[in-house]
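# Summary of the model geometry
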Amino acid sequence: KMLANIETRTAVRARNFSFSGRYIMYTTDKTMGHPCEIYIYDIADTTQPINVIPIPDKKITSALWGPFEEYIITGHEDGEICHYDMKTGEKSNSCRTAHSKAINDLQLSPDMTMLISASKDHTAKLFDTNSLELLKTYKTERPVNSAAISPNLEHVVLGGGQEASMVTTTSTRVGKFDARFFSLIFEEEFGRVKGHF
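Let us look at the structure shown here. (Residues numbered from 1 in each chain as written. Predicted model: local features only at pLDDT ≥ 70, side-chain atom pairs only at ≥ 80, totals over all residues. Heavy atoms only, no water.)

### Some remarks on the overall build of the protein chain
Of regular secondary structure, the protein chain possesses 1 helix and 16 strands. Counting across all 197 residues of the protein chain, residues that qualify as buried make up 45%. Long-range contacts, defined as pairs at least 24 residues apart, comprise 36% of the intrachain contacts of the protein chain with a sequence gap of at least 6. As presented, the protein chain carries roughly 10600 Å² of accessible surface, and 53% of it is formed by carbon and sulfur atoms. (Helix = DSSP H or I, 4+ residues; strand = E, 2+ residues; numbered from the N terminus. Buried < 20%, exposed > 50% of the residue type's maximum accessible area, 1.4 Å probe, protein only. Contact = heavy atoms within 4.5 Å. Areas by Shrake-Rupley, 256 points an atom, 1.4 Å probe, with all protein chains shown as cover.)

Below is the structure:
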């Protein structure tokens, strides 16, 4: 059963349900004269958003809810990571030097104390979720499309190797698309699985 049909003026880039299931958030692209924006809706009433946060200067490429639904964590096309307060819409924290190129993905650790980012700059980086302090960097030779923190071991996995749009048009050997496993603490690669998605 469909809960709601929300119309948008531009393409939706990122979207997420809050952890309680009470709210939904999505971001729109900066195109056709419209700014990039974060829309927040209460599931009980999807006729009007409870907040619209304009992002005038750069496009959001990835977004997720922070702990306790107090803020939204955003990754941007210029490599910046930000916190936006869910109620006021104010930017409450940011890391401008997170990455030198666009962020492809953001994921939280199971306890939400750590955040891992994946970027076109050939790295994934581990941050403290609340302070956005850089903790670790995992380096590769190709763009990183996604990264995740293991729920039960001190490991991270990185997926990538080429632009996502090119994955279906090249062989696995040429594209070097693979999953790479790193030690969470020592930042060293210890395993790799080659393949395609």
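Following the structure, the description resumes.
### A few points about the sheet that holds strand β7 (residues 81–85)
Read from one edge of the open sheet, 4 strands run β5-β6-β7-β8, paired in antiparallel fashion. Either end of the sheet is taken by a strand with one partner, and the two such strands are β5 (60–65) and β8 (91–95). Put simply, the sheet's adjacent strands are angled 20 degrees from each other on average, direction ignored. Of the strand pairs in this sheet, strand β6 (residues 71–76) and β7 are connected by 5 bridges, and their pairing is antiparallel. (Pairing = 2+ DSSP bridges. Axes fitted to C-alpha atoms, helices over the stretch in contact; angles between N-to-C directions.)

### Topic: the pairing of strand β13 (residues 144–149)
When β13 meets strand β14 (residues 155–160), the two strands line up antiparallel, connected through 5 bridges. Directly across from Ala 147, in β14, lies its bridge partner Leu 158. The loop that links β13 with its antiparallel partner β14 comprises 5 residues.

### What to know about the environment of Asn 145
Relative to the elements of secondary structure, Asn 145 occurs in strand β13. A sequence separation of 22 residues divides Asn 145 from Thr 123, and the C-alpha atoms of the two residues are 9.7 Å apart.

### So, the sheet that holds β14
The strand order across the open sheet formed by 4 strands is β13-β14-β15-β16, and the pairing between neighbours is antiparallel. Each having just a single partner strand, β13 and β16 (189–194) make up the two edges of the open sheet. For this sheet, the mean angle separating the axes of adjacent strands, direction not counted, is 20 degrees.

### Some thoughts on the environment of Ala 63
Secondary-structure assignment places Ala 63 in strand β5. When near neighbours in sequence (up to four residues on either side) are disregarded, Ala 63 contacts Ala 14, Asn 16, Met 25, Thr 27, Ile 72, Ile 73 and Thr 74.

### Focus: the pattern of salt bridges
Summed over all chains, the structure comprises 11 salt bridges. Between Glu 80 and Lys 58 there is a salt bridge; the shortest N-O distance is 2.8 Å. Of the two residues, Glu 80 sits in the loop between β6 and β7 while Lys 58 sits in the loop between β4 (51–55) and β5, which places them 22 residues apart along the sequence. Taking the relative accessible area as the measure of exposure, Glu 80 reaches 1% and is therefore buried. One salt bridge connects Glu 80 with Lys 91, and the closest N-O pair in it is separated by 3.5 Å. Of this pair, Glu 80 sits in the loop between β6 and β7 while Lys 91 sits in strand β8, and the two are 11 residues apart along the sequence. (Salt bridge = Lys/Arg side-chain N within 4 Å of Asp/Glu carboxyl O.)

### So, unusual backbone geometry
Trans peptide bonds make up the majority, and among non-glycine residues the majority have a negative phi. Positive phi, normally seen in glycine, also occurs at Met 112, with a value near 65 degrees. Summarising the element assignment, Met 112 is placed in the loop between β9 (103–108) and β10 (114–119). Exposure remark for Met 112: the relative accessible area of 24% places this residue in the partly exposed category. Even without a glycine there, the phi angle at Glu 187 is positive, about 65 degrees. Within the secondary structure, Glu 187 sits in the loop between β15 (178–183) and β16.

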